[in-house]
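Structure at a glance
Here is how the chains run, residue by residue.
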Amino acid sequence: MISIIKRTKLIYPKEVNEYSPDFPYPEYTFNSLNTSENDVYKAVRELFIQLGLDAERINTRDWNPLGRYIEPGNRVFLLCNFVYHKRKTESDEDFFSKVTHPSVIRAVCDYCSIALKGKGEILIGNSPLQSANFEKIKESLGLDRIENFYKINSLGVQVKFIDLRGYVTRLEKSGKLTVLKNEIDKVGFNIDFSKYSTLNEVKGNKKFRITNYSYKWIKKLHSKNHHIYCINKEVLNSDVIFSIPKLKVHEKVGVTLGVKGYVGAVASKESLCHHQFGPPCIGGDEYPENNPFKIMYSFLHDFAYSYKIPVITTFFQILDRNFTRIFNRIGTKITAGAWSGNDTAWRMSVDLAKIMHFVDKTGKVNDHNVRKNLVMIDGIIGGEGQGPLKPKPVITNTLIFSDNIVDGDFAGSIVMGYEPEKIKIIDSFYTDKSNLKLVNSRPNQFIFNYQDLCRNELHSKINFTYLSPIGWIKYFK
């Protein structure tokens, strides 16, 4: 089921009363109301109504649209996109083109709370970049105030915002990296996905890498036919994962929606694979061209983050950072797997999606879904260009809900003006021949503003063509 709402006036509301609705809907359980318009809350409600969820009780006090997915006593995890804190030079539009807006979180959280009926808990979090300041993220989004609202009003349901990272650093402007926290063993759970990983089929040298991490760490977790992912225990112990990603492009996989958003569930980023070392001529997918300076840069990066030598390590980290700046200015901007030829990052994301569906709380891989997975894509302001970190805002005025994460991404890519079949992180699920299948066939029916539309009709209703990242422009033409 795919539900899409697009309204010209669908904009983020002002932060009044922690983004409560501006109307006392019959099912609304709290006394607080927003004193200004909150069309986001209304649109989230409409997404459920136009799907006919709990149709016989719509507009009554007992309406429970998420009741078919969430039961009393469940642990629900709202997996958002908090990729990085707000920079001093960023406008609100720039910031909200890359992070989930709190008004969407609040509305989703309220309907999850209704389904829990006073029994259970709702955790809200993400694993942002290792150098992101989570306290600044919470401050920029007003998450502390929302958390406090539920402490006072939640009627038995505990709501808590958490940082899922086990490893946190501070990155100086110079490029120096300082470790602030390392609690991976405390918060993480290693999942051996070797037998099922799509990375087993990757072509290349199998020298997996992730920016600003030691390749020695990564090699212990990812090598030929050996793939381990470190998932935060709080997510793995959940009964329902409700993803609330952004509608934006991604320089490594094309788009970052629900599937790519599962990266935010890890406790240890070195358990991810972003690319393989070097260009294709030496078996890598880090960048397309055989450039000796870039190959030297790859070796430099390996050294800078894989060896701990006083003073020398810091010097090479600073040198590495400045090399990146030079490449970005002289025209060879594709580094760190940021192009359509990256055959690694999308596979890693597919693995994580399967883990979230098929791996239970004990770490066992099952042949059936062990938890519900829902998705609400925040496309009110989307992000185009150099996503996920430096996108340009696109006022898209759109929200998308689906009870299948892949189908939700399929619809999201159409809204962005892309062909889903060209995006491996989406289309690979529809051609998957493994026993861990999330979908069977590509969707062709969408409910858009209360109309049943086929794909071509939906495409004609949407007038967006998101600007692609530099490394994807030729691919999407």
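In this report, the structure presented in the accompanying data block is examined. (Residues numbered from 1 in each chain as written. Predicted model: local features only at pLDDT ≥ 70, side-chain atom pairs only at ≥ 80, totals over all residues. Heavy atoms only, no water.)

We now examine the nonpolar core. In a soluble, globular protein the nonpolar side chains are often hidden away together inside. Among the nonpolar cores identified, the biggest contains 76 residues, and Y229, I231, L352, I355 and V406 are the most heavily contacted of them. The greatest single-element share of this core, amounting to 9 residues, is contributed by helix α12 (residues 345-358). In this structure I355 touches I191, F193, Y229, I231 and R371, once residues within four positions along its chain are discounted. Counting residues in hydrophobic clusters, the runner-up holds 62 residues, among them Y84, V157, F242 and I244. (Core = buried A, V, L, I, M, F, W, Y, C linked by side-chain atoms within 4.5 Å. Buried < 20%, exposed > 50% of the residue type's maximum accessible area, 1.4 Å probe, protein only. Helix = DSSP H or I, 4+ residues; strand = E, 2+ residues; numbered from the N terminus. Contact = heavy atoms within 4.5 Å.)

Enumeration over the complete set of coordinates arrives at 24 salt bridges. Note that K246 is salt-bridged to D378, the shortest N-O span being 3.1 Å. With K246 in strand β12 (residues 246-250) and D378 in strand β15 (residues 372-386), this pair connects stretches of sequence that are 132 residues apart. Of the residues examined, D378 reaches a relative accessible area of 0% and is grouped as buried. The network of salt bridges with common partners includes E201, D343, R347 and K424. (Salt bridge = Lys/Arg side-chain N within 4 Å of Asp/Glu carboxyl O.)

There is a patch of like positive charges on the surface, built from K88, K136, K173, R321, R325 and K390. Mapped onto the elements of the fold, K390 is located in strand β16 (residues 390-402). (Patch = residues over 30% accessible without salt bridge, like charges linked within 9 Å, V, L, I, M, F, W, Y side chains within 5 Å. Areas by Shrake-Rupley, 256 points an atom, 1.4 Å probe, with all protein chains shown as cover. Lys, Arg positive; Asp, Glu negative; His and termini not counted. Charge placed at Lys NZ, Arg CZ, Asp CG, Glu CD.)

This brings us to the side chain of H227. The topology assignment puts H227 in strand β10 (residues 226-232). Residue classification places H227 among the buried residues on the basis of a relative accessible area of 0%. Looking at H227, its side chain comes within polar contact range of the side chain of N200, at 3.3 Å. Other than its neighbours up to four places away in sequence, H227 contacts I191, D192, F193, S194, S197, L199, N200, F208, L221 and H222. (Polar contact = N/O pair within 3.5 Å; in protein donor to acceptor, adjacent residues only side chain to side chain.)

Quick look at the packing of helix α3 (residues 102-116) against helix α5 (residues 143-153) now. Look at α3 against α5: their axes get within 11 Å of each other, and the N-to-C directions meet at 20°. In terms of orientation, α3 and α5 fall into the roughly parallel class. Note on packing geometry: the crossing formed by α3 with α5 is right-handed. Facing α3, whose interface residues are P102, R106, C109 and D110, α5 presents L143, I146, F149 and Y150. For the contact of α3 with α5, the residue count by class is 6 nonpolar, no polar and 2 charged. (Axes fitted to C-alpha atoms, helices over the stretch in contact; angles between N-to-C directions. Parallel < 35°, antiparallel > 145°, perpendicular 65-115°, else oblique. Left-handed = near helix turned anticlockwise from the far one by under 90°. Nonpolar A, V, L, I, M, F, W, Y, C, P; charged D, E, K, R; others polar.)

Together, Y307, I309 and I312 line one region of the surface with nonpolar side chains, adding up to about 220 Å² of accessible area. As for its placement among the helices and strands, Y307 is situated in the loop between α10 (292-306) and α11 (312-330).

Each α-helix winds once per 3.6 residues, and so residues spaced three or four apart point in a common direction. Turning to α5, its buried residues are L143, I146, E147, F149 and Y150. Viewed along the axis of α5, the buried residues span an arc of 155°, placing them on a single side of the element. Those residues of α5 that are exposed and angled more than 90 degrees off the buried face are K151 and I152. Where α5 is buried, its residues touch α3, α4 (134-141) and β4 (158-163). Looking at the residues trailing α5, positive phi occurs at L155, about 55°. (Arc of directions from axis to C-beta.)

What follows covers the pairing of strand β18 (residues 451-454). Sheet topology places strand β17 (residues 445-448) next to β18; 4 bridges connect them, and they run antiparallel. Counted as the bridge partner of Q445 is C454 from β18. In this structure, the hairpin formed by β17 and β18 is closed by a connection of 2 residues, where N449 is found at a positive phi of approximately 50°. (Pairing = 2+ DSSP bridges.)

Here we take up the packing of aromatic side chains. Under the counting rule described, the total for this entry stands at 25 aromatic pairs. Ring geometry for Y167 against W217: centres 5.5 Å apart, planes inclined by 90°, an arrangement best described as edge-to-face. One end of the pair, Y167, is in strand β5 (residues 167-171); the other, W217, is in helix α7 (residues 215-221), and 50 residues separate them in sequence. According to the relative accessible area criterion, Y167 is buried, its value standing at 8%. With a relative accessible area of 27%, W217 lands in the partly exposed category. (Phe/Tyr/Trp six-rings, centres within 6.5 Å; stacked < 30°, edge-to-face > 60°.)

Moving on to the packing of helix α1 (residues 39-50) against α3. α3 packs onto α1 with a crossing angle of 45° between their chain directions and a minimal axis gap of 9 Å. As judged from the angle between their axes, α1 and α3 are oblique. Where α1 crosses over α3, the handedness of that crossing is right-handed. Contacts between α1 and α3 involve V40, Y41, V44, R45 and F48 from the first element and S103, V104, A107, D110 and Y111 from the second. Looking at the contact of α1 with α3 residue by residue, the class counts come to 7 nonpolar, 1 polar and 2 charged.

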